Amino acid sequence: MSWTTHLCAFLVFASGSFATIHNKSWWNNTVFYQVYPRSLFDTNADGIGDLRGITSKLDYIASTGINAIWLSPIYSSPMIDFGYDISDFKAIDPTFGTLEDFKALVAVAKSLGLKVVLDLVPNHTSDKHIWFQKALEGHPIYKNFYVWAYGKNRDGITPPNNWISVFSDSAWTYVESQKQWYLHQFEYRQPDLNYRNPLVKIEMIKVLKFWLDLGIDGYRVDSAPFMYEDLLLRDEPRTYVNGTTPRDYTYLNHIYTTDLIETYQLFGGWRKFLDFYAFIHNQDQKLLVMEAYTNFEHTMQYYDYNVLPFNFMFITNLNSKSSAQDFKREIDSWMNSMPSGKIANWVLGNHDNPRVASRYPDRSDQMTMLSMILPGLAVTYNGDEIGMVDKRDISWEDTKDPQACNAGQAQYNSVSRDPERTPFQWDATKNAGFSTANSTWLPVNQNYKQLNLAKQMKAKESHYKIYKTLALLHRTEPAVTEGSYKSITTNNDTVLGVIRNNGCRVVVLLINFNDDKSQVVDLSQEGLPSKLLVKVANLGSKVKTGKLVDVNKLPLPAKAAIVYTSV
């Protein structure tokens, strides 16, 4: 029997009764909203967002049409990597509040019909975690919770191999008292856990169960590909990428430190554990979604283990210069490669990448339409629903991102993730309504008086109102929730079309990739109704919603994106 089978069997025995898993794959047709807790809303005037702030905004989130939230890490942490360096997996960091605050958040979320998903960071801990503190003392059990090795020359100068940290330089740090090096694929204060040790696997299952017992609905798993490393600690080969140096992560091809088969097997075991948990507690199925920036083949492999890999194509593979054909190719590739019966997802942005409105200038509504009209799970980063943009002028003195700090003052701005993490712009008052403090953890974007939620709620047309319409459509329109999917390009491949059809109703999205020329699109050969209704159009298109149009002559202004539905 595997370790997961043993644990699941124990849970079934302990429950004393059998039940069932409800609402399987509830995340299909869901609008999934990432909350970056530091930046949503501050209730205690310390300039940092907190749990009570999130709770106070749940009504807004639910009323927008969102039905699941994912919280970036809120665990106890020294905040070297803003919560991705965890010192206690079962405690709330005081920066954000208390465990009672978290329980209150979950209770309010459930009353509003919102699912709550936590960000889990299982690859590593903080160096302040009690496990690592004991490991540094040579504790016979806890030292093996981490990955240790002797240097090549059995000294404190030459690391065990050439592996490089994501944050640059060697992925190994020497500890004099142990005469060995420990592995950290990220910051040196984030030592990697050793999942070849069964005790580590059991401890992490206990962590999963702890938060499930508090009512959460699943996990987003951070840095999924990094969980296992080559047992032989072999050197990794060069990539020969131009301009890289031996201290750069991209200098090597990481064939021995990412995407190992044991990683997939581990997460497949977690999927079974979550299903057993939902089964014995008579609950909805639990979400398990992976953050995996890896190649397409390895990304698709997660589906084979019944877990959902985040789809980052709109971030990594496509950009503002991409053509209609490029978009069709990438979208079709995902849809056609997914195993039968699995669920797609479309990530527009997150706290690690420039905002969608900055990556796709004047086309953020187009991107929202794609994520909402395509089949599956639509993923939104907080602030993108109002078209927030990156604050690219954050000074070196105000920079907080460790990735930027490690790059140094000359290069920090090219790699910093701070610009997309600035506080949410609620209104035109002090600090954009985010906080009453004299200063905030990151400076507020100076455009907040023109770009804020309150103003967009009052406006006749706005990014927010477009988003809200699309979110409702994504969740309730039968052509989207049940319908077939087809993509087309037309008008000499300058227009992208997405057609959803359930046999009774249709939804059509058309995007004009020509920035300067209006077009007329003929879809009379697509088996659609003769008349379609303009449901929503991008801001600035000057297209009137609620208007009936002929399917054989659909007007499409330059740079426009329009969603049509059955009458």
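Residues numbered from 1 in each chain as written. Predicted model: local features only at pLDDT ≥ 70, side-chain atom pairs only at ≥ 80, totals over all residues. Heavy atoms only, no water.

Looking at an unreviewed UniProt entry, one finds the protein named alpha-glucosidase and attributed to Temnothorax longispinosus. Recorded in UniProt under Catalytic activity (unreviewed entry), the annotation for the protein is "Hydrolysis of terminal, non-reducing (1->4)-linked alpha-D-glucose residues with release of alpha-D-glucose." For the protein, the Sequence similarities (unreviewed entry) comment in UniProt is given as "Belongs to the glycosyl hydrolase 13 family." (UniProt positions renumbered as here; feature names shortened; annotations may be inferred.)

**Q** Quick one: what's the story with the domain arrangement of the protein, residue by residue and with numbers?
**A** Along its sequence, the protein is organised into domain 1 (31-123 + 198-390 + 417-458), domain 2 (130-183) and domain 3 (484-565). When each unit is reduced to the centre of its C-alpha atoms, the spacing between domain 1 and domain 2 is 29 Å. On the domain 2 side, the residues contacting the 23 residues of domain 1 number 19 residues. Summing both partners gives a buried area of about 1600 Å² for domain 1 against domain 2, and 66% of it is carried by carbon and sulfur. A per-residue breakdown of the area domain 1 buries against domain 2 is headed by Leu233, Arg247 and Tyr249, which together make up 33% of the total. Counting every contact that joins domain 1 to domain 2 gives two salt bridges. Here Arg247 makes a salt bridge to Asp169, at a shortest N to O gap of 3.0 Å. Our count for the contact surface shared by domain 1 and domain 2 stands at seven residue pairs in polar contact (both at pLDDT 80 or more). The greatest single-element share of the side of domain 1 that touches domain 2, amounting to three residues, is contributed by helix α6 (residues 198-212). Of the residues belonging to the side of domain 1 that touches domain 2, the class tally is 10 nonpolar, three polar and 10 charged. (Domains from an automatic or database assignment. Contact = heavy atoms within 4.5 Å. Buried area = accessible area lost by both parts, 1.4 Å probe. Salt bridge = Lys/Arg side-chain N within 4 Å of Asp/Glu carboxyl O. Polar contact = N/O pair within 3.5 Å; in protein donor to acceptor, adjacent residues only side chain to side chain. Helix = DSSP H or I, 4+ residues; strand = E, 2+ residues; numbered from the N terminus. Nonpolar A, V, L, I, M, F, W, Y, C, P; charged D, E, K, R; others polar.)

**Q** Describe the packing of helix α12 (residues 364-373) against helix α16 (residues 463-476), with residues and values.
**A** Here α12 crosses α16 at 10°, and the two axes come no closer than 9 Å. Taken together, the axes of α12 and α16 are roughly parallel relative to one another. Between α12, through Ser364, Asp365, Thr368, Met369, Ser371, Met372 and Ile373, and α16, the contact on the second element is made entirely by His463, Ile466, Tyr467, Leu470, Ala471, Leu473 and His474. (Axes fitted to C-alpha atoms, helices over the stretch in contact; angles between N-to-C directions. Parallel < 35°, antiparallel > 145°, perpendicular 65-115°, else oblique.)

**Q** Can you break down α16 residue by residue, with the values?
**A** The end-to-end C-alpha distance of α16 is 20 Å, a good match for the 20 Å that 14 residues give at a rise of 1.5 Å each. Every buried residue of α16 is accounted for by Tyr464, Ile466, Tyr467, Leu470, Ala471, Leu473 and His474. (Expected span 1.5 Å × (residues − 1). Buried < 20%, exposed > 50% of the residue type's maximum accessible area, 1.4 Å probe, protein only.)

**Q** Explain the side chain of Gln190 to me, using residue names and the numbers behind them.
**A** Examined against the element boundaries, Gln190 turns out to sit in the loop between β8 (180-183) and α6. Given the relative accessible area of 0%, Gln190 is considered buried. Residues within four places of Gln190 in sequence aside, it is in contact with Asp81, Tyr84, Asp85, His124, Thr125, Phe167 and His184.

**Q** Just give me the short version of the pattern of salt bridges, but keep the residues and values in it.
**A** Evaluated as defined, the whole model comprises 34 salt bridges. The closest approach of N and O atoms between Lys209 and Asp213, which form a salt bridge, is 2.7 Å. The class for Lys209 is partly exposed, based on a relative accessible area of 27%. Ionic pairing is found between Arg234 and Asp230, a salt bridge with its closest N-O pair at 3.0 Å. Taking relative accessible area as the criterion, Asp230 reaches 9% and is therefore assigned buried. Salt bridges linked by common partners bring Asp81, Asp352, Asp401, Arg417 and Arg421 together as one network.

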